[in-house]
Amino acid sequence: MLHIAKQTAPIIAILTTLGTVQAAEVKIGMLYPITGGGAIYGSPAMTGHRMAVDELNSQGGILGMDVLSVERDTKLNPATAAAAAKEMITKDGVNVIIGGLSSAVGLAISEIAKQEKIVYIATIPKTIQLTTTKKHEYVFRTASHTDFEGDAIAQIAKQLDAQRICDIQLDYAYGHDLADGIDKGLKRHLPTAKKILSLRPKLRATDYNVFITQILGAGCDVVTSGLWGPHFVDFAKQATPFGLFKQIKYITGGEIGSHEIAGSLGKDYPDNVWANSYELWYHHPNQEHETFQNLLAERLGTEETAMWPILALIGVRMYAAAAEKAGSLDAAQISGALKGLTIETPVGPRTIDSETHQADTGQFWGPMVEKEGVPYRVMDPITYIPAHIIE
Amino acid sequence: METLVEFLRTGMASPGITMLLNNPNFVLIQVLNSVSMGMNFFIIAAGLSLIFGVLKVINFAHGAFYMFGAYIMYSVTETMGLNFFWGVVGAGVGLVLLSAAIERTLFRFVYDKEHLLQLLLTFALVLILGDFAKILWGTEQYSVSYPDNLAGATNLGITYYPSYRLLLCLLGPVIFLAMWLFIEHTRWGRITKAATQNREMLAALGINVPLIYTSVFIVGSALAGIGGALASPFNSPTPGMDAIVIVECFVIVIIGGLGSLWGTFVGALIYGFVFNFGSVIIPNGQDIFAFLILLIVLLFRPWGLFGRPEMEGH
Amino acid sequence: MTDPMTRSTLMGCVATLVFLLSVPLFHSAYLIDVVTEILIYALFALSLNVIIGYSGNVSFGHAAYFAIGGYTNAILLTTYGWALVPSFVISILATISAAGIVAYFCTRLTDIYFAMLTLAFSMLVWAIAFKWRSATGGDDGFVGILIPDLIGDRTRFYYFTLILVTASVALLWSICHSAFGRTLVAVRENAVRAGFVGVNTRLMRWWAFVIAGTFAGIAGAIFGMFHRGMYVESAFWTQSATVLIMTLLGGMFSFFGPAIGAATLFILERITNEYTEYWPTVLGVVLLVILLFLPDGLSGLARRVHAFTTKNK
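Residues numbered from 1 in each chain as written. Chains lettered and ligands numbered in written order. Predicted model: local features only at pLDDT ≥ 70, side-chain atom pairs only at ≥ 80, totals over all residues. Heavy atoms only, no water.

In this section: the pairing of strand β6 (residues 164–168) of chain A. Residues and elements named next belong to chain A. Taken across its 5 residues, β6 has 4 buried, putting it largely inside the fold. Here β6 pairs with strand β7 (residues 194–199) via 5 bridges, running parallel. For D167, the partnering residue across the bridge sits in β7 and is S198. Assessed by its sense of winding, the connection that carries the chain from β6 through helix α6 (residues 173–189) to β7 is right-handed. One ladder, built from 4 bridges, connects β6 with strand β8 (residues 222–225); its direction is parallel. Along β8, the bridge assignment pairs I168 with S225. (Buried < 20%, exposed > 50% of the residue type's maximum accessible area, 1.4 Å probe, protein only. Helix = DSSP H or I, 4+ residues; strand = E, 2+ residues; numbered from the N terminus. Pairing = 2+ DSSP bridges. Right-handed = clockwise from strand over helix to strand, strands pointing away.)

What follows is the structure, given as C-alpha cells:
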C-alpha cells in the first residue's frame, strides 16, 4: 500500500498545484520568524495564523476541503525565507504563501512567488515597494505601509499644531521609507511645519543619548519617529531622565501603542506619546472583535493579548475568501479574485485595491495614558485613521 | 564615488555641528554621554580583556554572559520584586555559577589548543547559550526599571544629567581601581600575573594553575553579567543582544590592547567619544564607526594602545 | 591533502558526478533546488579551505568575497543589463581585486589578528552593502536579478551550476595539488623553516587568500542568480561563521572534506528545522563535537574508519 501511495503522491502533488485535480486538502504555507530576534513577533503571529486555520476547518474548510498549515521559520533572514518559500512550493506543494515580517523578507518571498507563480499575501511587511515598484500579479498585501503610516503621523502632527519637527528613524529601509512617508504627509496636511533635524540611529542601536540630547538642543516641539519594539523601550528609558517627554510631543509609528510594549514598560512608559497599533485587546470596534479576543486569550493564556495574531489571521481569511470567490485554487484565479475583494475582520472591513494589490488597512492611533487600576498605559482616546490618502 | 561625497556632505552640514559650535552646554552633555557610555562598556569589556590576558582565549560568549546578567536582573527585580541591588548581586552569582560550570566542563579542554579551536568553542557556546536564554525567559519584550532614587536627573550646576548614568561614570573607575589593586596587590593577583608569563613554572612551584584559570574565567564572566545587570535599565533584555554587545567589546579591547586593563579603560573611553561625537558630526554613519576604528587599529597598530607587540607576528 | 588522487577517491568522485548528472531525472523540483544550493555552498567551503587547511590561517570574513561576487554580478546583470559572460567575468575580477587588497594587509599579521582583520574588512563590506541603498538595495536586498533565458529554467540552471562548480573544483584541485599547494602546506606546517628554504611565505599566503576569494566570488555570483536576489546577510559575519563550520565539519585536512561538510550541514539544518526551533543549539553541539572529538572532521573520521577496517583485513 505504502509504495503505491509513494508513487502516486508526487503525481497528485503536481496535478494539485496545477489545480486540475481536487486534492484532499488545501495547503497554506506560513512564513514567520519563529526563532531568533524576530520570534517576539513571529511567534504570536503564528498563533493567529493557526487560529485562522482552525476556524476555517471548523467551518468546513475551503471549497469543502480541509486546510493544512505548512509552517516554516524565516529567521528574519531573506535568503532563508526565499529558500523556505521555494521548499514549501516544490516539496510541500503549498497553494499559497502567507506571512513575512521584515521588508526584506517580504520582498524575497514576493520574488519567489513571482517566479513560481504562487500567490503571496504579505501580512506584516510594510515596505512601499511591495505594492509599487516590485508589484506583480501574485503579490498582495494586507498590512499597512509606510505611506499610510507617515500620512497618519502627519495628520496627528497637524492636530498637535507642530511647528518645528525633529525626525528620528532607524537607519534602514523601513526608517527611510517612513521618513519619506512622513514628508509626503506633512506636505499634504501641514506644509507650515519645518523639519529641523533628521536623526538616524543604526538598526539595533543600544545607546540613544547622543540623539536625545540633540533633540533637546534643537528645540523642536514635536518628534516624529518609527522606533519600534526594543528600540522604543530603550529610547524611552534613556530619554526619560533627560525630561525629553516633558518638552516635546512624540508621535511614532512602529506599533508601540500595542500592549506588548505598554505592558512591558509598565509605569516607565513615558508621557506625551502618540502611538499606533493594528489592534488593541481592550478595544472592540465591532462584536466580532470580542469573540476573537476571547478565543485568542484562551490560546495565549492571558487576557492581555498581543497585537500580531490579528494580522496573520486577516491574511488567511483573505485567501480563504478569494478561493471561495474564485471557486478554484488556481493561483491566477485567486489573484483575480483577490482584486477588489472585501472581507470582514475583527478590526473592521478590509478591501484589496485592484490596482495596487494593497488592502485599505488603517490603524488605531492615540495618546498613551495612564489608567486607574492597571499597571500599564492604554490608548485613549482611540481614533481609527483609515488607509486613505487624499491627494 | 559620488555617493561617498554626498554621504560626507550631508554629514558635514549637520545641525549637530552647529550645536556643538554654538553651545558649550551641549558639548559638555556630549562629553558626559561619551564618558558614561565608555564606563558602561569598560565594566562589560574588562572581563573579556582579563580573560584574554591570562587565559589567552577570546571569549565570544562574553556577550552571552552579558545577556544572562540582564535577564537575571529582570527576573530578580521584576518577577521576584526584589531591590535593584539584589539584582546586581543575583547577576554576579548567577554568572559565577554558569561560568564555573562551563569552565569546568568545556573550557579546560581548549587551553592548549589552537586559537581557532578556542574561538570556535566559544562560538558554539554563544549558539547554545542563546537558545538556553530563550528557553528560560522566552521571547517577550522585557523592561527593567531604574532604581528608585536614581531614575531622574542630577543638577550639575551647568546642566542636568541623568543620575543613573552619572553613577556609571563613578562605578567605572571604581571597578577599574578595584581590579587594578586586586591584580597588583594581592597574592591571587600576583599569581595570576605570573601565570600569564610562565604557567609551567608556576605549576612546578606547586601552585594549582587550573584553579587560577578557573577563578580568572569566573571573575571575568561575572563582570560581564554585572555589566549586563547594570546596563539593563537602559539596554533592555532582548534576544540577540549578545551579538550586538560583543562587537563593541571587541572593538574596545582591540583598541586598548588585548589583555591590558588600562587599555580597556582607555579604549572604552575612546570608543565612547568617537561614537558620540561622530554621531553628532556624521549622523548616518553609526554603522560604520565600530568597524572603521577596528580596521584602523588593526592596520596600523594591531596590538592596540597598551598591548604587547609580540602578539603580532609575520 | 596534496597527494595524488587515490583510487577510492577517484571512484568516489566519479560516482558523485554520475549522481549529480542524473539529479534532474528524478523530476523533483525540490531535489534540484537542494542540490544546486549544496553545490554552491560546497564551492564556497572548498574555497575557504585554501586559506584554512592549506595556508593555515583563519578567515572570519570569507563571506565578503561571496557577497562582492554576488552583488557585482547582480548589479551588472540587472541594473546595467549586461550579458552573463561579461558580467560574470567582471564580478570575478572585482572579487580578485578586493581579495588582493585585503590580503595585502592581512598577510602582515598572523593568528588572531589576521582573523580579526578579515572580520573587520568583511563587516566593512557588509556596512557598504547596507548603506549604499541606491546600488545594492540596502537591507531590502537586491531583489529581482535578471537571469538570461538560457539558464532561466530550473534544470538548465542546475546544469549551469554543475558545470561551473565542477570546473572550479577541478581547477582548485590542480592548484592545491601542484607544487604551489605543497609549498603552501609546508608554510602552514613550519613557516620559519619554509622561510629559511627561500620561500616567500607572505606572498604564498597572499596567493592563497586571493585564490580562495576568487572561488568564493564565483559561488556568490551563482548564489545570487539562483535566489534571484542578493541580501546583506550574505556579507554578515554569521555567513562567514557558517561556511567556516562547514569546512571544519567536513575536515580541513582533506581536499573534498569541506564539500562533504557543506552538504552535511545544509541537510542537517533542513532536517532539524522540521522538528525543532532550536537549530542554534544543534549547530553548537555539532561544533563542540567536532572541536573536542573530531578535529579533522568527517573526512578525517572516514579516513580513520577506513584505515581501521583495512588494517584488520
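What follows continues from the structure just given.
What follows covers the nonpolar core. Within the largest apolar cluster, 357 residues are counted, with the highest numbers of intra-cluster contacts made by A:F235, A:Y269, A:Y319, A:L338 and B:F42. Counting residues per element, this core draws most heavily on helix α2 (residues 29–54) of chain C, which supplies 18 residues. Residue assignment places this core across two domains, with domain 1 (2–144 + 290–360) and domain 2 (147–277 + 364–385) of chain A each supplying three or more. With sequence-adjacent residues up to four places away left out, A:F235 is seen in contact with A:I168, A:Y208, A:I212, A:I215, A:L227, A:L244, A:F245 and A:Y250. (Core = buried A, V, L, I, M, F, W, Y, C linked by side-chain atoms within 4.5 Å. Domains from an automatic or database assignment. Contact = heavy atoms within 4.5 Å.)

Let us look at the interface of chain B and chain A. The partner chain A presents 38 residues to the 40 residues of chain B that form the contact. Taken over both partners, the interface formed by chain B and chain A buries close to 3000 Å², and the fraction arising from carbon and sulfur atoms is 56%. Contact with chain A buries area across many residues of chain B, yet B:Q141, B:I244 and B:Q286 alone supply 18% of it, more than any other trio. In this assembly, chain B and chain A are joined by 1 salt bridge. In this assembly, chain B and chain A are joined by 14 residue pairs in polar contact (both at pLDDT 80 or more). Of all elements in the fold, only α2 (15–22), α3 (24–55), β2 (160–162), α11 (241–256), α12 (261–281) and α13 (286–300) of chain B reach the threshold of two or more residues within the side of chain B that touches chain A. Ranked by residue count, the leading element in the side of chain B that touches chain A is α3(B), at 5 residues. A breakdown of the residues in the side of chain B that touches chain A according to their chemical character gives 19 nonpolar, 16 polar and 5 charged. (Buried area = accessible area lost by both parts, 1.4 Å probe. Salt bridge = Lys/Arg side-chain N within 4 Å of Asp/Glu carboxyl O. Polar contact = N/O pair within 3.5 Å; in protein donor to acceptor, adjacent residues only side chain to side chain. Nonpolar A, V, L, I, M, F, W, Y, C, P; charged D, E, K, R; others polar.)

For the bond running from A:D380 to A:P381, omega is -5 degrees, close enough to zero to count as cis. You can see A:P381 is positioned in the loop between β14 (378–379) and β15 (383–385). Phi angles above zero are rare outside glycine, and B:K56 is one such case at about 60 degrees. Secondary-structure assignment places B:K56 in the loop between α3 and α4 (62–79). Judged by relative accessible area, which is 25%, B:K56 ranks as partly exposed.

What follows deals with the domain arrangement of chain A. In many reports, interface size means the accessible area that the parts give up when they come together. Residue and element names in this part refer to chain A. Taken domain by domain, chain A holds domain 1 (2–144 + 290–360) and domain 2 (147–277 + 364–385). The distance between the C-alpha centroids of domain 1 and domain 2 comes to 31 Å. With both sides pooled, the region where domain 1 packs onto domain 2 buries about 1300 Å², and carbon together with sulfur makes up 55% of that total. Two residues, E149 and K126, come together in a salt bridge whose shortest N-O distance is 2.9 Å. Residues of the side of domain 1 that touches domain 2, tallied by class, amount to 7 nonpolar, 4 polar and 4 charged.

Attention shifts here to the interface of chain C and chain B. In this assembly, 39 residues from chain C lie in contact with 40 residues from chain B. Across the chain C/chain B interface, buried area totals approximately 3900 Å², and carbon plus sulfur atoms make up 80% of it. Across the chain C-chain B interface, the total number found is 1 salt bridge. As a salt-bridge pair, B:K134 and C:E277 come within 2.9 Å of each other at their nearest N and O atoms. Looking at the side of chain C that touches chain B, the elements that each hand over two or more residues are α5 (111–131), α11 (237–250) and α13 (279–293) of chain C. Counting residues per element, the side of chain C that touches chain B draws most heavily on α5(C), at 13 residues. Partitioned by chemical class, the residues of the side of chain C that touches chain B number 30 nonpolar, 4 polar and 5 charged.

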